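# Examining the three-dimensional arrangement
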Amino acid sequence: MKLQDGFVGWPELFAAKYRSEGCWNGGTLYAYLRDSQARFPDTTAIVDDTVRLSYTELLKLVDRLAQRLYEKGFRPQDTVVIQLPNCWELVVFLFACLRLGVVPVMALPGHRAFEIGYFINHVEAKGLAIPDTLRSFDHLGMGIELKGRCPTLSTLFVLNSGQSELDSEATDLDQLILAGDDIVDRQKLTIDLGPSSNEIALFLLSGGTTGVPKLIPRTHDDYGYNFRISSQRCRFSANTVYGTFLPASHNFPLACPGILGTLHLGGTVVMGLSPEPSYALSLIEKEGITVTAVVPAIAQKWLEHFSSNPKYDLSSLQVLQVGGARMAPELAFKVGPVLGCKLQQVFGMAEGLLNYTDLDDPEETICETQGRPMSPFDEIRIVDEQGAEVPEGEMGQLLTRGPYTLRGYYRAPEHNQKAFTDDGWYRTGDVVRRDSSGSLVVLGRTKDLINRAGEKISAEEIENLLYRISNVEHAAVVSLPDAQKGELVCAVIVLKDKSKSITLDSLRSEFDRFEIAGYKYPERLELVDELPLTNVGKIDKAKLKSDLLSSSN
Ligand code: OOB
């Protein structure tokens, strides 16, 4: 199948408008980096634990890797899956793909064979970029296993920690990027192979509300607009030093404005390996980080840690962006006084729409709302269950359309029928209200997912897995509130044979064989005699949740 098969683009009328209004400027994502190199050749572009690269050095490595990918048989519109930790190689690999027109799926380090195998098959990926091991998980072993069973997968690009000999199946990523010093014929690659701006640049992953994760195609035009306007709204500049502590493949740190928004202005990106407070706060001090993005659970940890260890000099930090999950106003009001920086709330989604509070909004707006849409071309509707707009100030489901919001998930026609209205509005599944300042307040959601510290888990996906366990008669997955993570995955099970009970531990070890991301594992188990049903016979999750909450109080 061709890459374009299964891509739902914008109707021509909208596309023409977005072009004529200058939202889509016809540039590729690689071109943004090339322009920055021309303006800021010697400025530091990327810093990680081992390496510092200027824009000139970065571009040289990107060009060289693009050339080598080409020599290895990768062609425009081929696809790869990238699962790399936050390191300079991720940035080089991503831009090399963008330059060639090879389209990456941006997987997260937590994903396992279940998810990665699905991505590979869904886009027919030819390559997979992984670390050899990370946090004691054998990614290389997973890659080799996947290569055995995914017919399209031909090349494993492996970040070699030097701990083990690389298998003959694997291509050493550092060697591929660094070895030799050949001069790349940049002109040839650009003219012959560069993608056009209306093509898919990369795939992001949806939080997902269905049995399988959904892929979100982002074009060069739309994603460029995403980080360009974000960086204006967030006042990024050549002086920005952006700290990446969330996984770099996630939309928030990647392009809101994130890594791409910093690099296009000539700022410096610092790749942090983890958001663990003592490491992260030291790195802020050491590198003079001016802005970074975290989820509320991490913000809370940083505040707690800093309050009891005020030894870090955080004077460089101007803005802490917080998003991905609901931030309690009590926590929000503490950010400024404790860390001495401004807070910016970000309510975004990999599907597109981004809302930011402004840096000079009144304190109440910053702490109690999730901001306003980034672009004047974002269209917003807040509707009731029948799809009718609710009166101003009342709550309802958020629908949206715009120049960087998808018109369809990739190769998912059935799901798209439900996720979009006939006239192309994306049903976000978020329940919001617009306050008198025009800012959105997120109140809840209609979609059936668990938001565990910003990581989205589809209840249906986990329920499908529970049904693969032999003694499970009925199963439902709901979220339960948690002081640290915000929400936890709770599995509620009716057993077939009540004499053979299940414990949380035995359930979790059953999950090992599914090879799924660890953050999706149930953290609570409730055994019940029956599940409450609605009058149409569906599991009544609202009742189930309130029953569980009242019985635990
Ligand atoms: C971000 O993106 P995703 O795709 O992982 O998750 C999107 C969903 C939203 O639909 C909403 O349910 C929730 O995450 N969410 C928030 C929120 N930000 C996202 N819920 C409450 N308050 C917020 N501030 O999470 C994402 C993408 C780009 C920038 C920031 C976050």
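### Description of a nonpolar patch on the surface
Among the surface-exposed residues, Tyr467, Leu533 and Ile539 lie close enough to one another that they form a single nonpolar patch of about 270 Å² accessible area. In this structure, tyrosine 467 sits in the loop between α17 (459-466) and β25 (472-482).

### Here's the deal with the sheet that holds strand β26 (residues 486-495)
Whether parallel or antiparallel, the strands of a sheet pair through hydrogen bonds between backbone atoms. The three strands lie next to each other as β25-β26-β27, forming an open sheet whose pairing is mixed. Among the strands making up the open sheet, the edge pair consists of β25 and β27 (524-527). Strand after strand, the sheet turns through a mean of 25 degrees between neighbouring axes, direction not considered. Direction of pairing for β25 relative to β26: antiparallel, over a ladder of 10 bridges.

### Digging into α17
Counting buried positions along α17 yields six of eight residues, so the element is predominantly enclosed. Looking only at α17, the buried set comprises Ala459, Glu461, Ile462, Glu463, Leu465 and Leu466.

### What about the domain arrangement of the chain?
Per the domain assignment, the segments making up the chain are domain 1 (29-195), domain 2 (227-445) and domain 3 (449-552). Taking only C-alpha atoms, the centre of domain 1 and the centre of domain 3 are 37 Å apart. Between domain 1 and domain 3, the contact holds eight residues from the first and 10 residues from the second. When the two sides are added together, the surface that domain 1 and domain 3 hide from each other amounts to roughly 610 Å², 50% of it contributed by carbon and sulfur. Summed over the three residues of domain 1 that lose the most area to domain 3, namely Arg112, Phe114 and Glu115, the buried surface amounts to 61% of that side. Our count for the domain 1 to domain 3 interface comes out at two salt bridges. The partner of lysine 520 in a salt bridge is glutamate 115, with the nearest N and O atoms 2.7 Å apart. Remark: the boundary between domain 1 and domain 3 carries five residue pairs in polar contact (both at pLDDT 80 or more). The element best represented in the side of domain 1 that touches domain 3 is helix α5 (residues 113-123), accounting for three residues.

### Some remarks on the site of the ligand
Within the structure, the ligand sits among 20 residues, and Val346, Ala350, Asp430, Lys447 and Lys456 are positioned closest to it. Here glycine 324 contributes a backbone N or O atom positioned 3.0 Å from a nitrogen atom of the ligand. One of the backbone nitrogen or oxygen atoms of valine 346 is found 2.8 Å away from a nitrogen atom of the ligand. The protein chains hide 96% of the 600 Å² of surface that the ligand would expose on its own.

Analysis parameters
- Residue numbers restart at each chain and count upward from 1, following the sequence in its written direction.
- In keeping with the model being predicted, local features are shown solely for residues with a pLDDT of at least 70 and side-chain atom pairs are shown and tallied solely at 80 or more, while totals for entire chains, interfaces and linings include all residues.
- Side-chain numbers here rest on the full set of heavy atoms in the structure, without hydrogens or water.
- A patch is a set of surface residues, each over 30% in relative accessible area and not in a salt bridge, joined within 9 Å for like charges and within 5 Å for the nonpolar side chains Val, Leu, Ile, Met, Phe, Trp and Tyr.
- Method for areas: the Shrake-Rupley scheme with a 1.4 Å probe, in which residue coverage is limited to the protein chains shown.
- Salt bridge, as applied in this entry: a Lys or Arg side-chain nitrogen positioned within 4 Å of an Asp or Glu carboxyl oxygen.
- Going along the chain from the N terminus, every DSSP run of H or I of four or more residues is numbered as a helix, and every run of E of two or more is numbered as a strand.
- At least two DSSP bridges between two strands are needed for those strands to be called paired.
- With axes taken as lines fitted to C-alpha atoms, and helix axes fitted only over the stretch in contact, angles between N-to-C directions fall between 0 and 180 degrees.
- A simple rule labels every residue: compare its accessible area, found with a 1.4 Å probe on the protein chains alone, to the largest value its type can have, and call it buried under 20%, exposed over 50%, or partly exposed in between.
- The domain boundaries here were taken from an automatic or database domain assignment.
- In this description, contact between two residues means that some pair of their heavy atoms is separated by no more than 4.5 Å.
- Note on terms: buried area is the combined drop in 1.4 Å-probe accessible area of two parts once they are placed together, counting the loss on both.
- Polar contacts, as counted here, are pairs of nitrogen or oxygen atoms within 3.5 Å of one another; within protein the pair requires one atom able to donate a hydrogen and one able to accept it, and residues that are adjacent in sequence qualify only if both atoms are side-chain atoms.
- Working definition: residue near molecule or strand if any one of its non-hydrogen atoms lies within 4 Å of it.

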